[in-house]
There are 4 protein chains.
Amino acid sequence: MSRFAGREGPIRLGMVGGGKDAFIGAVHRIAARMDGEFQLVAGALSSTPEKARESGAALGLAADRTYDDFEAMAKREARLKDGIEAVAIVTPNHMHFAPSRAFLRRGIHVICDKPMTATGAEARKLAKEAEKSGALFALTHNYSGYPMIRAAREMVAGGFIGALRGVQVEYVQDWLAAPAEQLGSKQAEWRTDPARSGAGGALGDIGTHAFQLAAFVTGEAPEAVSADLSSFGAGRTLDDDARALLRYASGARGALWCSQVAPGNENRLVLRVYGDRGSLEWAQETPETLRAAQLGEAPRILTRATAGEAATRLQRIPPGHPEGYLEAFANIYAETAAAIRAARDGAAAPAGVMFPGVADGLMGLRFVEACVASARRDGKWTAL
Amino acid sequence: MSRFAGREGPIRLGMVGGGKDAFIGAVHRIAARMDGEFQLVAGALSSTPEKARESGAALGLAADRTYDDFEAMAKREARLKDGIEAVAIVTPNHMHFAPSRAFLRRGIHVICDKPMTATGAEARKLAKEAEKSGALFALTHNYSGYPMIRAAREMVAGGFIGALRGVQVEYVQDWLAAPAEQLGSKQAEWRTDPARSGAGGALGDIGTHAFQLAAFVTGEAPEAVSADLSSFGAGRTLDDDARALLRYASGARGALWCSQVAPGNENRLVLRVYGDRGSLEWAQETPETLRAAQLGEAPRILTRATAGEAATRLQRIPPGHPEGYLEAFANIYAETAAAIRAARDGAAAPAGVMFPGVADGLMGLRFVEACVASARRDGKWTAL
Amino acid sequence: MSRFAGREGPIRLGMVGGGKDAFIGAVHRIAARMDGEFQLVAGALSSTPEKARESGAALGLAADRTYDDFEAMAKREARLKDGIEAVAIVTPNHMHFAPSRAFLRRGIHVICDKPMTATGAEARKLAKEAEKSGALFALTHNYSGYPMIRAAREMVAGGFIGALRGVQVEYVQDWLAAPAEQLGSKQAEWRTDPARSGAGGALGDIGTHAFQLAAFVTGEAPEAVSADLSSFGAGRTLDDDARALLRYASGARGALWCSQVAPGNENRLVLRVYGDRGSLEWAQETPETLRAAQLGEAPRILTRATAGEAATRLQRIPPGHPEGYLEAFANIYAETAAAIRAARDGAAAPAGVMFPGVADGLMGLRFVEACVASARRDGKWTAL
Amino acid sequence: MSRFAGREGPIRLGMVGGGKDAFIGAVHRIAARMDGEFQLVAGALSSTPEKARESGAALGLAADRTYDDFEAMAKREARLKDGIEAVAIVTPNHMHFAPSRAFLRRGIHVICDKPMTATGAEARKLAKEAEKSGALFALTHNYSGYPMIRAAREMVAGGFIGALRGVQVEYVQDWLAAPAEQLGSKQAEWRTDPARSGAGGALGDIGTHAFQLAAFVTGEAPEAVSADLSSFGAGRTLDDDARALLRYASGARGALWCSQVAPGNENRLVLRVYGDRGSLEWAQETPETLRAAQLGEAPRILTRATAGEAATRLQRIPPGHPEGYLEAFANIYAETAAAIRAARDGAAAPAGVMFPGVADGLMGLRFVEACVASARRDGKWTAL
C-alpha cells in the first residue's frame, strides 16, 4: 500500500520541463486538467533558473514548489507530506532518462513524453529502473488514446481483418521543409540536434508514433526493417525523412514513412492495416471515423456510435460531436472569463473577445416563433 | 468596480442543473476546466434535493455549497465573501429564465445554455433584466467558438465573398427517428415536451444553433422566413423536422433545414455562405477545415495554419493536430490516473485500463536504432 | 412492324442543332457513338445555312444529308430508303417543340435534350403528339443514367430507406455569377433570354435536372411547392437562383436549391433522400459512390461492386475504375490518332501530342526485373 | 510519305485478342470509338479459331477480315488496299511480343496493352524492332491520359513543387485476396501464371502502371530499388503484393506499393509527389481533382477549370461534369437504342430498359411553372 492510500481529490502532479515557449508542456497540462483528475502543484519547468521561476509563478505554483532542477524537486517532494504522487516529464529527448530515473527511484509515478529516451542504451537502463521501482511509467504515445484507435485494436483482436498481411503507416509533416532550425525555432533546434534528440530525427520525433500506433492496433511488432534515411535540409545530420519496409514474424509485410519535409502536410498520421479478410483505415486529421472493409462487402464508415464499447469507454461527448467540440465550448468559457476578469475592474472586455449573448438569445427565439407562425399560415413569409 | 476586483486564481463558478444523467452539464464543466480559468465551487444540480446532494458530493463540492434550489443558492452565494462570481445554467429550456433572472439580479454573471428561454416573451423579459443587471450574460452557442468559424466570420467581414447572396445552413440528426421519448430517454422526453422545450422542437434544440451560426458568420440576420414544420414521430406535437426559406434585407436569400429524424446523421451541422465573389463552407463533423472559393480560382482548404489570426487566437494546439488531440492526450492521463489510484492501495489497474509504457518505449528506440543501422548498411534487413 | 425491321448495324441518327460552338451537341454525339449503337448520317446542325453546311462537313456528313432546316430534313429523311430512324434534338429550349413534332409526326424516334419544351403549353401539346406518333420520345435527363442512381432507385423501391420523409436536392453552379451573357458567352445568352429559355432560368436549365433526379430515385413527385426566385445578375429577368420547399402527398417534405451564381461550384448536383429507416446520398461530382445508411448501423459506401444488379447492368468497366477511365483511355487513342494522321504525310506528331511508347515499356520491364532481383537478394538495392 | 497519305475518315484499326470474355479488349474498342477517330475493320480476336470467328461476327467484322491468327492477319492486311493502318494488341502479356513485331515489321502502327512484353529480353528486342520499323508503337498506360495527370506533369516541369524530394505511389486492389484463379476466373488465371504474365504478378499487372505514372509526372525515373515481394495466395508463385523503396539520381527518395490482396480496395491508384517547395496528390478513384500545396499556403483543390491548358487540351466536357458523365449520357442512348431495335419489330422494349420520356418532360415543365407561380405569389404553396 502506498503512502498515498486514502488520499482524496485530484492526484498531485509535478512537471519537469514545459516552461515558457514549450509546446508539449501546455498540452500535458490541459490533458491532465481535462477530467479534473490531476492538479499541478510543483515543477522544475526549465533548466534556466530564472525561467523556471517565472514559469512557475505564471502557472500559479507556490514559490517553494518551484524548483531550479529536477533532482532537488525529486528529493524534496518525496519527503513532503503532500508531495507529488506523479510527475510529467516534458523535456527534450535527451533529458527524459535522468529525471525519469530520479523520480522512479523515489516511488513517484512518471508520465513521460515520447520517445522514452534519446538512446536505446538509456532505454534499456530505464526499463530496469522501472521494473525495480514499483512506480508506474506511462509514455504519452497519445495517438493510442483516440476512441477509434481503441476500436481498431479491438476489431483486429476480434478477427475483423483476419490474419494480418499488410501494414501501411505514415506520419508526415512539412514544418522542417524550410531550415526552421536556422530561423530561430527552438522546437526545430533541439529536434535536429543529435545531442538532444538521439539517433533519430523525424524517426524519433514522429516515426516512433507511427510505429507504436501500428503495433498498438495490430498487436504485432515487425521483426525486421529495411530502411532508407535522408537529410534533405542543408546541414542536417539527422534524418528529416525516412522510409522503412517492415517484416513481421507472422509473414505480414509493411511500410512506414515519416517525414518532416513533405510540403502540404501538417500532421498526416495515417494507419492502414490489411488482413486476409478485411482492412481498417484511420487518419489523425479526421480522427472520428474509421473505415472498415471486409471482402465482398461495402466499406463502412464507423464512428463512436457504431464502433463498439472500446470506442465509447473513453468518450466525453456523444458521437458526431467530434473532437474539438469541447475546445469550442471551452472557448466560449475562456472568452467569458476574459470579460469577467475585466468586469472586476469595471473595464470593458479586451479587444477581440466575443461570446454569444442576449442579442443572440433574442434572435434565436424570434426565429423559432417566426418559423412556427409561418408554418401555421402555410408558409406565409413572416417577419423576424 | 466589482466586489471581486483584485481577486486572484480561477473564477469561482456555480452551476444550476447538470446533475447525474445530464449531458450538457458535464460538457460545461470540462469546458470550464480546460483552461484553468474557472473552478466549480457551488451548485443546485438537480430539482430533486437528494439527487442534488449526491451529485454535489460526486463533484467534490462542499456540503454547504450544495443547494436544493437555485433561489437559495443565488441568495446565499451573493452574500458570501468567497461566493461565486459566475453561474452556469444547464437546465432544460423552461428552466433557463428564472435562474438567469435570479443571478443576474444579484450581479452574478450568467453563462446559460441555449436557447436563452423557452418562449420569446421570457426572452424579452430576460433581455431587460440583463440590461439592468450590469452582470454579463453569455449564451453557449458553442459552435461560434470554433477557430475556423471565427476565421469565416472575419473573412466575410473582410470582403472575401463579396456581397452576400445566399446562405445554406443545416443541422440534422437521427436520434429521434425512432420514438426515443417512449423508450426511456430523458433527453428525448423533455425535448419533445412543449411544456419544457417551448414552441420549437428540433427548431429550438438545434435549429437555433444553425440560425445563430449563420448570423454569426455572415453578420446578417434574415428579415423574413417561410417555413414548413413536420412532426414525423408518432404522437409528437413539436416539430422534429423543419425547413425554412430565408430572406435578408440585403437581398440575399437562404434556406435552413433542421431535423432530428434524418437517418444516417449524427450531428451534421453544415454552413455554406455565398457572395457575389466567393463562398465559404464549413462542417462541424470536420471542423478543422474551411473550404474557401473565389470566382476563377481553385478552392482552397484552409486550416488554422492559413486562415489568419482569428483562427489562431483561440487555438490550444498547432494546426493539423485537430480537435480531439487534447482528448486523446487526456485519455492517456485518465488511464494513468486510474492506475495511480489503484496503486495507492496496492491494487492492479482496473480492467481495460491501458496506457503506453516501458515496453512501448523500448520498442520505439529499438525501431529507431534498427532503422538507422539498416540505412547505414544500405537497407540491409535488420532485426528489431 | 416498322419499315426498319430487319435492318442491321448501327441505328442511323440525325441531329438538329449541335453545330459549331454548341456544347451539348458534341456530348450527344460522343454518347451516341460510345457503344457503337448509333451512326450519325444526317443533320440540320444550325439555323444559319452556312454554318449548318460547314458543321456537317466537319462531321463527315454527306452533302445531301446536310440540311438547312429541320423541316426539310424531316420530310426527306422520312422518304429515304436508308433514312434516319432516330433524331437528336440539341437546340436551345424554345427550339425543342417544333422539330420534335416534325419528326414524331413522321414516325422518327426523337431523343431530345431537356427541358422538353420552353413552356408548359408546348409540353402538353408535344405529349399528345408523342402519344399519337408511335415513335419513341426520349429526354436526356442524363443523370438518371448513372449506375449508382439506378442502384439508389432500386434500393428505395426495395424498402431500404423505409417510408419517405425527406428529400434534399440541389444543383448549383457559378458560371453565371459574373454577367457572362454580356461578355460574349453564347451559352449564357440564350439561357438568360426568356424568349429562348422559357419561364425558368436556372430552374429550367438545371432545376429540372434536380427535380427529375429526385423523382426518379424516390418514385414520388411533390404535390406542391413553395418557391422563392432571385435574379442576382444585373439586368436579368429570369431566375439565376431559386429555392423551393416541397410537399409530397405521402407526407414527405423536401427542399430544392438551384443556382448558377454560387461561387465555388462547378456542377454540384447532390441528392439526399431520407426515410423512416434509412437514407441515401449521391453527388454528381463523385458519382461512383453512394452513401447508404440505416438507423443503428454504420453508413456504408456503396460502389458498383456492392450496389446490386441495377448498378452493374449499365456499367462498361469494373468498379473502382471510375468514370473517366474510358476517357483517359480514349485520350491515349486520340493522341495516337493524331500522330498516325501526321505520319501519313511523313510529318511529326503535332506539338503537345504525347502517348506512352517504347521507352515506357522498357522502363516498366526494367522496373519489374529490378524489383524481383532486389527481392531475391533480400532487398539489396538494385540498379534499374 | 505512307501509303495512307490522303486517306479520309476514321483510321482503320485491327485488333489482336479481345474476344469474348476479355475485359480490356472491350475497353480498347470503346476508347477507340469515342472520338470517331478509329474504325475497327479486322481482327484476330482469339487463339481459338471458332471463338475468333464468333467474336468477329459479334463485332460486325467482315468474314474475310476475321483471322484465325495474327500472323495471317498481318500478312494480308499489309497487302490490302484498304488494309488496317493500326492494330490494337490486347492479349495476355506473353502474347504482346510476337504480334507487335509482326505488325511493326509491316509498317502497321501498334497500340499495345501494357506491360510491353512478358520479359525484359523481349522488351529490348521489341524496342529495336520499333526503332527500325518507322511505324508508331503506343503503350496504353492509360492513366497518363487523365487531364489532371497531364496538369500535374506540367506543374512539376514548371517548378510548382521545386526540386523533387519524395514520391509515394501505390496501386492496390483486393480481387485476388481470395484464390480467384482456382475459382474459374480467366483474368486471374493468366495473371497468376508466370508462363503468361512474366516475372511480375501484381508488379507487372499494376505495379508497372504506378511506376509509369510516377515517372510520367515527375519526369524522373528511379535509379535503384529495394524491394520485398510476397505471394499471400496459397499456391501462388508470382507476387500478389510488393513493396519497393526507390532512389533517384537527383537524391529524391520514394516508395511504391502494389497489391492485389488488400481488402477494401478496388483500384486505389494514388500518386503523391513532394518537392522542396510544394506537393501534388492525385487518386484515380476521384480523378477530377488534384490537390496542390505549397509551403506556407493553403492547399488548393484544382480541377480542369483551374489546372491550366494541359488539363483542358484533352477534355471532352466542361469541368465539374466528371468522368462518367459521358457514360451516363451514353447509357440514355444505349437504353433508347434497345427500345428502338425492339420497336423495329413492333416489340416492347426489353425488361429493365428505361429512359426519361414524355412524363418526365411534362413533370419538369409543371415544376418550373409551379415554382414561378409560387414565387410570384410570395411563396404560396402551389400545386404541381
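Engineer: What exactly am I supposed to notice about the overall build of chain A here?
Structural biologist: Regarding its fold elements, chain A presents 12 helices and 14 strands. Out of the 384 residues in chain A, the part that is buried amounts to 63%. Expressed as a percentage of contacts within chain A between residues at least 6 apart in sequence, the contacts between residues at least 24 apart total 62%. Accessible surface, chain A as shown: approximately 13000 Å² in total, 51% of it carbon and sulfur.

Engineer: Whenever I open this one, the relation of the copies chain A and chain C confuses me. Can you help?
Structural biologist: Applying a rotation about an axis and a shift along it to one chain copy brings it onto the other copy. At an RMSD of 0.1 Å, chain A and chain C line up after a rotation of 180° and a shift of 0.0 Å along the axis. The operation mapping one copy onto its partner corresponds to a two-fold rotation axis. Identified as the residue of chain A closest to the rotation axis by C-alpha distance is A:Arg300, at 2.1 Å. The fraction of interface residues of chain A whose copies in chain C are also interface residues reaches 100%, indicating that both copies meet through the same surface.

Engineer: Is there a simple way to think about unusual backbone geometry in this case?
Structural biologist: Most peptide bonds are trans, and most residues other than glycine sit at a negative phi. Residue A:Pro115 is bonded to the preceding A:Lys114 through a cis peptide linkage, with omega at -10°. By secondary structure assignment, the location of A:Pro115 is in the loop between strand E4 (109-112) and helix H5 (120-133).

Engineer: Can you walk me through the side chain of C:Asp241 in this structure?
Structural biologist: All names here are of chain C. Take Asp-241: it is sitting in strand E8 (residues 241-247). According to the relative accessible area criterion, Asp-241 is buried, its value standing at 3%. At 3.0 Å, the side chain of Asp-241 forms a polar contact with the side chain of Arg-243. Setting aside residues no more than four positions away along its own chain, Asp-241 makes contact with Ala-202, Asp-228, Leu-229, Ser-230, Phe-232, Trp-257, Cys-258, Ser-259 and Val-261.

Engineer: I keep staring at the pattern of salt bridges and nothing clicks. Help me out?
Structural biologist: Where charged atoms from two side chains of opposite charge come close, those side chains can pair. Within the structure shown, the criterion is met by 76 salt bridges over all chains. Here D:Asp193 makes a salt bridge to D:Arg196, at a shortest N to O gap of 2.9 Å. A relative accessible area of 29% places D:Arg196 in the partly exposed class. One salt bridge connects D:Glu288 with D:Arg304, and the closest N-O pair in it is separated by 2.6 Å. Of this pair, D:Glu288 sits in the loop between strand E11 (278-283) and strand E12 (290-294) while D:Arg304 sits in the loop between strand E13 (300-302) and helix H10 (309-312); the two residues are 16 residues apart in sequence, bridging distant segments of the chain. Each member of the pair, D:Glu288 as well as D:Arg304, is classed as buried. Where salt bridges share partners, they join A:Glu170, A:Arg268, D:Arg272 and D:Glu281 into one cluster.

Engineer: Is there a simple way to think about the interface of chain A and chain C in this case?
Structural biologist: Often, the extent of an interface is quoted as the loss of accessible area upon association of its parts. Between chain A and chain C, the residue contacts involve 12 residues of the former and 12 residues of the latter. The junction of chain A with chain C conceals about 1100 Å² of combined surface from both sides, 44% of it contributed by carbon and sulfur atoms. Among the residues of chain A in contact with chain C, A:Ala298, A:Arg300 and A:Ile301 are the three that bury the most area, contributing 42% of the side total. Run the count over chain A and chain C and you get two salt bridges. Where C:Glu297 meets A:Arg300, a salt bridge forms, and the shortest distance between an N and an O atom there is 3.3 Å. If you look at where chain A meets chain C, you find six residue pairs in polar contact (both at pLDDT 80 or more). Among the elements that make up the side of chain A that touches chain C, the one with the highest residue count is strand E13 (residues 300-302) of chain A (three residues). Residue composition of the side of chain A that touches chain C, by class: five nonpolar, two polar and five charged.

Engineer: Please explain the sheet that holds strand E5 (residues 137-139) of chain C as it appears in this structure.
Structural biologist: By definition, the strands of a sheet pair up through backbone hydrogen bonds, in either a parallel or an antiparallel sense. Residues and elements named next belong to chain C. If you trace the five strands from one edge of the open sheet to the other, you get E2-E1-E3-E4-E5, paired in parallel fashion. Every other strand in the sheet has two partners, leaving strand E2 (38-44) and E5 as the edge strands with one partner each. Each adjacent strand pair in this sheet contributes to an overall mean axis angle of 25°, direction not counted. Bridging between strand E4 (residues 109-112) and E5 involves three bridges; their strand directions are parallel. Looking across to E5, one finds that Val-110 is bridged to Phe-137.

Engineer: Any chance you could explain the packing of aromatic side chains here in plain terms?
Structural biologist: Aromatic ring pairs are reported here in terms of the distance separating the ring centres and the angle at which the planes meet. Summed over the entire model, instances satisfying the criterion amount to 16 aromatic pairs over all chains. Here the aromatic rings of C:Tyr143 and C:Tyr146 are separated by 6.4 Å at their centres, their planes lie at 10°, and the arrangement is stacked. Residue C:Tyr146 is classed as buried on the basis of its relative accessible area, which comes to 2%. Lying over the aromatic face of B:Phe216, B:Arg153 brings its terminal NZ or CZ to 4.4 Å of the ring centre.

Engineer: What should I look at first to understand the environment of D:Gly278 in this one?
Structural biologist: Residue and element names in this part refer to chain D. Inspection of the secondary structure assignment puts Gly-278 in strand E11. The exposure class assigned to Gly-278 is buried, which follows from its relative accessible area of 0%. Through-space distance from the C-alpha of Gly-278 to that of Gln-212 is 21 Å; in sequence the pair is 66 residues apart.

Engineer: Can you help me understand the pairing of E4(A) in this one?
Structural biologist: As a general feature of sheets, a regular strand has side chains that alternate between the two faces. Residues and elements named next belong to chain A. Of the two faces of E4, the one holding His-109 and Ile-111 and the one holding Val-110 and Cys-112 are both buried throughout. Sheet analysis places strand E3 (residues 86-89) next to E4, joined by four bridges and oriented parallel. Within the sheet, the bridge partner assigned to Ala-88 lies in E4 and is Ile-111. You can see the chain leave E3, run along helix H4 (residues 97-105) and come back into E4, and the turn it takes is right-handed. Crossover E4 to strand E5 (residues 137-139) through H5 is right-handed.

Engineer: Please explain the sheet that holds strand E3 (residues 86-89) of chain D as it appears in this structure.
Structural biologist: Residue and element names in this part refer to chain D. Spatial strand order, E2-E1-E3-E4-E5: five strands in an open sheet with parallel pairing. Each edge of the open sheet is held by one strand with a lone partner, namely strand E2 (38-44) and strand E5 (137-139). This sheet shows a mean twist of 25° between the axes of neighbouring strands, independent of strand direction. Taken strand by strand, helix H1 (residues 24-34) contacts strand E1 (11-16), E2 and E3, and its axis lies near 175° from that of E1.

Engineer: Would you mind going over the pairing of strand E10 (residues 268-275) of chain A with me for this structure?
Structural biologist: Residues and elements named next belong to chain A. Burial analysis of E10 places eight of its eight residues in the buried class, which makes it a mostly covered element. Here E10 shows no split at all, with Arg-268, Val-270, Arg-272 and Tyr-274 on one side and Leu-269, Leu-271, Val-273 and Gly-275 on the other all buried. Direction of pairing for strand E6 (residues 164-172) relative to E10: antiparallel, over a ladder of eight bridges. From the neighbouring strand, Val-169 faces E10, where its bridge partner is Leu-271. In this structure, E10 lies alongside strand E11 (residues 278-283), joined through five bridges in antiparallel fashion.

Engineer: What's the story with the confidence of the model for chain A in this structure? I'm lost.
Structural biologist: It should be kept in mind that the predicted coordinates are not to be read in detail where pLDDT is low. Residue and element names in this part refer to chain A. Looking at chain A as a whole, its pLDDT mean stands at 84, while 86% of the residues score no less than 70. Across chain A, helix H3 (residues 70-79) holds the top mean pLDDT of 95, while helix H11 (residues 325-344) sits lowest at 63. This prediction of the complex comes with two scores: 0.85 for pTM and 0.82 for ipTM.

Engineer: Honestly, the packing of helix H1 (residues 24-34) of chain C against H1(D) in this entry has me stumped. Any pointers?
Structural biologist: Each pair of packed helices can be summarised by the angle the axes make with each other and by the distance between the axes. As a packed pair, H1(C) and H1(D) sit with axes 9 Å apart at the nearest point and diverge in direction by 145°. In this structure, H1(C) meets H1(D) at a crossing whose hand is right-handed. Together, C:Ile30, C:Arg33 and C:Met34 of H1(C) and D:Ile30, D:Arg33 and D:Met34 of H1(D) make up the contact between the two elements. Among the residues forming the contact of H1(C) with H1(D), the class breakdown is four nonpolar, no polar and two charged.

Conventions adopted
Residues take numbers from 1 onward in each chain, read along the sequence in its written order. Chain letters and ligand numbers both follow the written order, the letters beginning at A and the numbers at 1. Local features in this predicted model are restricted to residues whose pLDDT is 70 or higher, and side-chain atom pairs enter the listing and the counts only when it is 80 or higher, whereas totals over whole chains, interfaces and linings include all residues. As a rule here, side-chain values cover all heavy atoms of the structure and leave hydrogens and water aside. To qualify as a helix, a DSSP run of H or I must reach at least 4 residues; to qualify as a strand, a run of E must reach at least 2; elements of each kind are numbered from the N terminus. Exposure classes here rest on a 1.4 Å probe applied to the protein chains alone. A residue is buried below 20% of its type maximum, exposed above 50%, and partly exposed in between. By the convention used here, residues are in contact when the closest approach between their heavy atoms is within 4.5 Å. In this description, accessible areas are obtained by the Shrake-Rupley approach with a 1.4 Å probe, and a residue is regarded as covered only by the protein chains that are shown. Copies are brought into register by a least-squares superposition over C-alpha atoms of residues with pLDDT of at least 70 in both. In the analysis that follows, any N or O atom pair within 3.5 Å is treated as a polar contact, provided that within protein one partner can donate a hydrogen and the other can accept it, and provided that, for residues neighboring in sequence, both atoms belong to side chains. Salt bridge criterion: a side-chain nitrogen from Lys or Arg within 4 Å of a carboxyl oxygen from Asp or Glu. Two parts placed together each lose some accessible area; with a 1.4 Å probe, that loss summed over both constitutes the buried area. Side-chain classes follow a simple rule in which Ala, Val, Leu, Ile, Met, Phe, Trp, Tyr, Cys and Pro form the nonpolar group, Asp, Glu, Lys and Arg form the charged group, and the remainder, Gly included, forms the polar group. Paired strands are those between which DSSP finds at least two bridges. Whenever a helix is involved, its axis is fitted only over the stretch in contact; in every case the axis is a line through C-alpha atoms, and angles between N-to-C directions fall within 0 to 180 degrees. For Phe, Tyr and Trp, rings pair up if their centres lie within 6.5 Å, where Trp contributes its six-membered ring, and each pair is then called stacked (planes under 30 degrees apart), edge-to-face (over 60) or tilted (otherwise). Two conditions define a charge located above a ring, namely a distance within 6 Å from the ring centre to NZ of Lys or CZ of Arg, and an angle within 35 degrees of the ring normal. Every crossover in which the path from the first strand over the helix to the second runs clockwise, viewed with the strands pointing away from the viewer, is termed right-handed. What pLDDT conveys is the predictor's confidence in a given residue, as a value from 0 to 100. Whether a crossing is left-handed or right-handed is set by the direction in which the near helix is turned from the far one by less than a right angle, anticlockwise for left-handed and clockwise for right-handed.

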